[in-house]
Amino acid sequence: TTKMMADDFHSRHDGARASSLYRRLVAVEDVDPDEAAWNRFLLADSLRLKGDMSAAMEAVADARSAAAEIEDENLIELVDLLPYQIARDDLRCDAAGAAVGALLGRHADGQYRKQAEQALKAMRQDQRCR
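Residues numbered from 1 in each chain as written. Predicted model: local features only at pLDDT ≥ 70, side-chain atom pairs only at ≥ 80, totals over all residues. Heavy atoms only, no water.

**Considering the overall build of the chain**
- Looking only at helices and strands, one finds seven helices and zero strands in the chain.
- Ordering the α and β elements of the chain from the N terminus gives α-α-α-α-α-α-α.
- Here the C-alpha atoms of the chain give a radius of gyration of 15 Å, agreeing with the 14 Å that 2.2 N^0.38 yields for 130 residues.
- With respect to the principal axes defined by its C-alpha atoms, the chain has extents near 45 × 30 × 20 Å.
- For the chain, with 130 residues in total, the buried portion stands at 42%.
- Put simply, of all contacts in the chain between residues at least 6 apart along the chain, 55% involve residues at least 24 apart.
- Element-wise, carbon and sulfur atoms account for 47% of the exposed surface of the chain, whose accessible area totals about 7,400 Å².
- Measuring between centres, the 18 positive side-chain charges of the chain sit 9 Å from its 24 negative side-chain charges. (Helix = DSSP H or I, 4+ residues; strand = E, 2+ residues; numbered from the N terminus. Rg over C-alpha atoms; globule rule 2.2 N^0.38 Å. Buried < 20%, exposed > 50% of the residue type's maximum accessible area, 1.4 Å probe, protein only. Contact = heavy atoms within 4.5 Å. Areas by Shrake-Rupley, 256 points an atom, 1.4 Å probe, with all protein chains shown as cover. Lys, Arg positive; Asp, Glu negative; His and termini not counted. Charge placed at Lys NZ, Arg CZ, Asp CG, Glu CD.)

Structural data, given as structure tokens:
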């Protein structure tokens with residue numbers, strides 16, 4: 001199925017193929033709201049993997065809205081982590097720091113807090129961010 005193929009490409013970090021398939025899945029209107037919200041998140045992450053950072057940030061807004069609509073706190077936190085990952089991958093260190101700050105502000109006790117803090121610390125030690 002398209003979903004299985006998209007998930008497979010995403011798991012292999014093939015953002016170009018995964019994002020193409022997730023775009024098709026997101027366009028389907030009669031999908032379960034939970035599945036639609038996860039597809040929007042995976043589209044945004046696939047665009048990040050593809051290196052299309054501006055499109056990824058646009059997709060983050062749609063994914064967050066969809067996650068909030070279904071009230072899935074885990075998914076909301078994952079979506080809120082994406083701006084950090086996008087900025088990190090784009091070597092925009094200041095934006096990555098701001099994104100972690102926003103994540104911690106929204107999810108002070110979140111499950112991805114330590115991961116984000118550790119990744120930001122490592123990124124700040126990276127020569128490319130100095």
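**Structural notes on the packing of aromatic side chains**
- Tallied over the full model, the rule gives one aromatic pair.
- With a centroid separation of 5.9 Å and an interplanar angle of 90 degrees, the aromatic rings of W38 and F41 are classed as edge-to-face. Taken together, the residues W38 and F41, both in helix α3 (residues 33–50) and three residues apart, mark about one turn of the helix.
- Judged by its relative accessible area of 28%, W38 is partly exposed. (Phe/Tyr/Trp six-rings, centres within 6.5 Å; stacked < 30°, edge-to-face > 60°.)

**A short note on the pattern of salt bridges**
- Following the criterion strictly, the structure yields nine salt bridges and no others.
- One salt bridge connects R64 with D80, and the closest N-O pair in it is separated by 2.5 Å. Of this pair, R64 sits in helix α4 (residues 53–70) while D80 sits in helix α5 (residues 73–89), and the two are 16 residues apart along the sequence.
- R88 is the salt-bridge partner of D89, the closest N and O atoms lying 2.9 Å from each other. (Salt bridge = Lys/Arg side-chain N within 4 Å of Asp/Glu carboxyl O.)

**Some remarks on the nonpolar core**
- Ranked by internal contacts, the top residues of the largest apolar core, which has 40 residues, are Y22, F41, Y84 and M123.
- Elements with a contribution of two residues or more to this core: α1 (2–11), α2 (15–27), α3, α4, α5, α6 (93–106) and α7 (113–125).
- At nine residues, α5 tops the list of elements feeding residues into this core.
- If sequence neighbours within four positions are ignored, M123 has contacts with Y84, R88, R92, C93, A96 and C129. (Core = buried A, V, L, I, M, F, W, Y, C linked by side-chain atoms within 4.5 Å.)

**Focus on the side chain of H107**
- As for its placement among the helices and strands, H107 is situated in the loop between α6 and α7.
- H107 sits in the buried class, given a relative accessible area of 10%.
- Of note is the side chain of H107, whose polar atom sits 2.6 Å from the side chain of D80.
- For H107, the residues in contact, after removing those within four places along its chain, are I76, E77 and D80. (Polar contact = N/O pair within 3.5 Å; in protein donor to acceptor, adjacent residues only side chain to side chain.)

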